[in-house]
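The residues making up each chain are set out below.
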Amino acid sequence: MISEELVALASTAILARLSERSPPVALVGLEEQYKYGTTALDRRLIIRNRMNIVRQALQELEKQFQAPIDTSSTSTDTDGRKDFMVIHLNGMVQTDDRMALKEIMRQLSREGESEMGNTNTTFSDSLPSLLSFLKEGTRAQYPIIFILDEFDLFAQHTKQSLLYNLFDVAQSAEWPIAVIGLTCRLDALELLEKRVKSRFSHRHYYTYPPGTYHDYAEICQNALLLSSSDLESEDIMQVDGLEEQKTMYLKEFNRRVKALFEDGGFSKVVQRIFDLMKDVRGFYRLCFGPVAELCQSNPYLQPSQFYESGLQQRVDNKTELLKGISLLELSLLIAIKHLVERETITFNFEMVYDEYKEFMDMAVVRGSSTHTLGGSSESVSLRLYKKGVALKAFEHLVEAELLRPTDTVGKGPKEYRMMRVMLDSSQISDVVLKHRDCPTVVARWASRR
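What counts and how
Residues numbered from 1 in each chain as written. Predicted model: local features only at pLDDT ≥ 70, side-chain atom pairs only at ≥ 80, totals over all residues. Heavy atoms only, no water. UniProt positions renumbered as here; feature names shortened; annotations may be inferred. Helix = DSSP H or I, 4+ residues; strand = E, 2+ residues; numbered from the N terminus. Buried < 20%, exposed > 50% of the residue type's maximum accessible area, 1.4 Å probe, protein only. Contact = heavy atoms within 4.5 Å. Areas by Shrake-Rupley, 256 points an atom, 1.4 Å probe, with all protein chains shown as cover. Phe/Tyr/Trp six-rings, centres within 6.5 Å; stacked < 30°, edge-to-face > 60°. Lys NZ or Arg CZ within 6 Å of the ring centre and 35° of its normal. Polar contact = N/O pair within 3.5 Å; in protein donor to acceptor, adjacent residues only side chain to side chain. Core = buried A, V, L, I, M, F, W, Y, C linked by side-chain atoms within 4.5 Å. pLDDT = per-residue confidence, 0-100. Pairing = 2+ DSSP bridges. Salt bridge = Lys/Arg side-chain N within 4 Å of Asp/Glu carboxyl O. Expected span 1.5 Å × (residues − 1). Axes fitted to C-alpha atoms, helices over the stretch in contact; angles between N-to-C directions.

- In the nomenclature of an unreviewed UniProt entry, the chain corresponds to Origin recognition complex subunit 4 from the organism Podila minutissima.
- Of the comments in the UniProt record for the chain, the one headed Subcellular location (unreviewed entry) reads "Nucleus".
- The UniProt entry for the chain carries the following text under Sequence similarities (unreviewed entry): "Belongs to the ORC4 family."

This is how it looks when you write it as structure tokens:
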């Protein structure tokens, strides 16, 4: 029996990599970019020169490229002197220049380089203090590297004051500073104002998603493999005999992960994700459920867990949303489906109701004749709702954003506003099949072309 503490440590370590809280085990397919980036930083910062770089990276490989400098906020050499310090900012967290400046001062204060972190001053008061602090440095001081995640969001800040001053300090200050921007937008540089571009070194380079399935599978496999450091804990070190169990569990776990990628069914799942998006985060989302389910009674990853997780992720959210709709709303969607199949892309309520009424009239006539001959009375039990009631059901579909107005400003009566359906025909057919109380005659109407 595997110790519960070992399984918990394994699950925590893997989840940290899947959620990108910890760097990847190894770089795959980024050797050239890694060499270029580290060479540029070494050349500019180790000799105490100044530079600024904007690196345009695809989001799925961003964490891999950051791995060499993201292991800690500072780096020290053997004699205890700091090599460099890293200031992390994120455009989705620091949504304006004031918040970004406050975060810079907080991180500087945490490293003991400044006492400005606890001040509650305004942006106009704090910015000059920070700039003077950086400009008063000397070349003998260790470099500061600013990493700006979601760089395009910083470029959308009013006046771009933070970017302008960071680039300006990087060029003019005695303190060696590097500014690295990370973004998925290829047009991020076009968002910069002219005065900001004048302070920018115009160095940028690109990283790309895995080009081959072999590289993609290797990245995915590395995220699930365990290392001895993943299972290290003070509690485990104090338990006799647990060290040997840790070695056995580590070998068996990694062996099963490698066997997992050799499994034909599992390989098809990974191949499908690669063909659709080439984004490793797509595979990471698939792994969250199976990894979180690791426990003492189930300490290893099983292929069946990934199959179930894959099925859950392929569920159509819109189809699931429509499971509980009324029969009237379902009938209106089927009427819309027939209009669209006749290449009527835009429609209004009156057109939909006429289609619905035409079907109901035919269903009632056929049902009456069948009932006379002694057949089923299912069609006779169908009810033709009045136009006012049907309009309420139609508005409910609009509120659920399954129907969208073609014009932003509503003009004229709402019965005549032109709409466009946000579902395709196959999704509406799936809703009919999954509806519990759908009569057979309505299902046949939906399948008719």
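1. As for the overall build of the chain
Now for step 1: When helices and strands are counted, the chain shows 20 helices and seven strands.
Now for step 2: For the chain, with 449 residues in total, the buried portion stands at 45%.
Now for step 3: When contacts within the chain are restricted to residue pairs at least 6 apart in sequence, those whose partners lie at least 24 apart make up 75%.
Now for step 4: Surface exposure of the chain reaches about 23500 Å², of which carbon and sulfur atoms provide 51%.

2. Brief notes about the packing of aromatic side chains
Now for step 1: For the structure shown, the criterion picks out 14 aromatic pairs.
Now for step 2: Here the aromatic rings of F266 and F283 are separated by 6.3 Å at their centres, their planes lie at 80°, and the arrangement is edge-to-face. Taken as a pair, F266 in helix 12 (residues 264–276) and F283 in helix 13 (residues 280–292) lie far apart in primary sequence, 17 residues in all. Side by side, F266 and F283 carry an identical accessibility label, which is buried.
Now for step 3: Every member of this aromatic cluster is reached through a ring pair, and the members are F261, F266, F283 and F306.
Now for step 4: We note R195 situated over the ring of Y164; from NZ or CZ to the ring centre the distance is 4.6 Å.

3. Quick notes on the side chain of E355
Now for step 1: Checked against the element boundaries, E355 lands in helix 17 (residues 349–372).
Now for step 2: A residue is classified by how much of its surface remains accessible, and E355, at 9% relative accessible area, is buried.
Now for step 3: Within the structure, E355 has its side chain in polar contact with the side chain of R342 (distance 2.7 Å).
Now for step 4: Aside from chain neighbours lying at most four places away, what touches E355 is A335, H338, L339, R342 and W445.

4. Topic: the nonpolar core
Now for step 1: Among the nonpolar cores identified, the biggest contains 38 residues, and L224, Y249, F253, F283 and L301 are the most heavily contacted of them.
Now for step 2: Looking at which element gives the most residues to this core, the answer is helix 11 (residues 242–262), with seven residues.
Now for step 3: With residues near it in sequence (within four places) discarded, L301 still touches L224, F253, V257, L260, P290, V291, L294 and F306.
Now for step 4: Counting 37 residues, the second largest nonpolar core, distinct from the first, contains L333, L339, L403 and C438.

5. Comments concerning the environment of H396
Now for step 1: With respect to the helices and strands, H396 occurs in helix 18 (residues 387–399).
Now for step 2: Exposure remark for H396: the relative accessible area of 39% places this residue in the partly exposed category.
Now for step 3: For H396 and I325, which are 71 residues apart along the polypeptide, the C-alpha to C-alpha distance reads 9.8 Å.
Now for step 4: Polar contacts involving the side chain of H396 include one to the side chain of E329, which spans 2.9 Å.

6. Describing the confidence of the model for the chain
Now for step 1: Of the residues in the chain, 79% reach a pLDDT of 70 or more, and the chain-wide mean stands at 79.
Now for step 2: Overall, residues 77–81 carries pLDDT values under 50, and its contacts beyond four positions in sequence, including any with other chains, amount to four contacts.
Now for step 3: Here residues 371–377 is modelled with pLDDT under 50, and outside its nearest four sequence neighbours on either side it reaches six contacts, counting other chains as well.

7. Topic: the pairing of strand 5 (residues 177–183)
Now for step 1: Taking burial as the measure, the seven residues of strand 5 include seven buried ones, the bulk of the element.
Now for step 2: Burial along strand 5 is two-sided: the residues I177, V179, G181 and T183 and A178, I180 and L182 are all buried.
Now for step 3: Relative to strand 5, strand 4 (residues 144–149) runs parallel, the two sharing six bridges. Among the inter-strand pairings, I145 is bridged to a residue of strand 5, identified as A178.

8. What about the pattern of salt bridges?
Now for step 1: In the structure shown here, the tally under the stated rule is 15 salt bridges.
Now for step 2: For D279, the salt bridge identified is with R281, shortest N-O distance 3.3 Å.
Now for step 3: Where salt bridges share partners, they join E252, R255 and R256 into one cluster.

9. Observations regarding helix 4 (residues 97–110)
Now for step 1: Taking 1.5 Å of rise per residue, the 14 residues of helix 4 would be expected to cover 20 Å, and the 20 Å separating its terminal C-alpha atoms lies within 8% of that figure.
Now for step 2: Listed in full, the buried residues belonging to helix 4 are D97, A100, L101, E103, I104, M105, Q107 and L108.
Now for step 3: Where helix 4 starts, the residue carrying a side-chain oxygen 3.2 Å from the main-chain nitrogen of R98 turns out to be D96.

10. What to know about the packing of helix 1 (residues 4–18) against helix 9 (residues 213–224)
Now for step 1: Relative to each other, helix 1 and helix 9 sit at 140°, their axes nearing to 8 Å. Of helix 9, the residues touching helix 1 (which contributes I14, R17 and L18) are N222, A223 and L224.

11. Regarding the pairing of strand 4
Now for step 1: Among the six residues that make up strand 4, six are buried, leaving the element largely enclosed by the rest of the structure.
Now for step 2: Burial of the side chains of strand 4 extends over both faces: I144, F146 and L148 are buried on one face and I145, I147 and D149 on the other.

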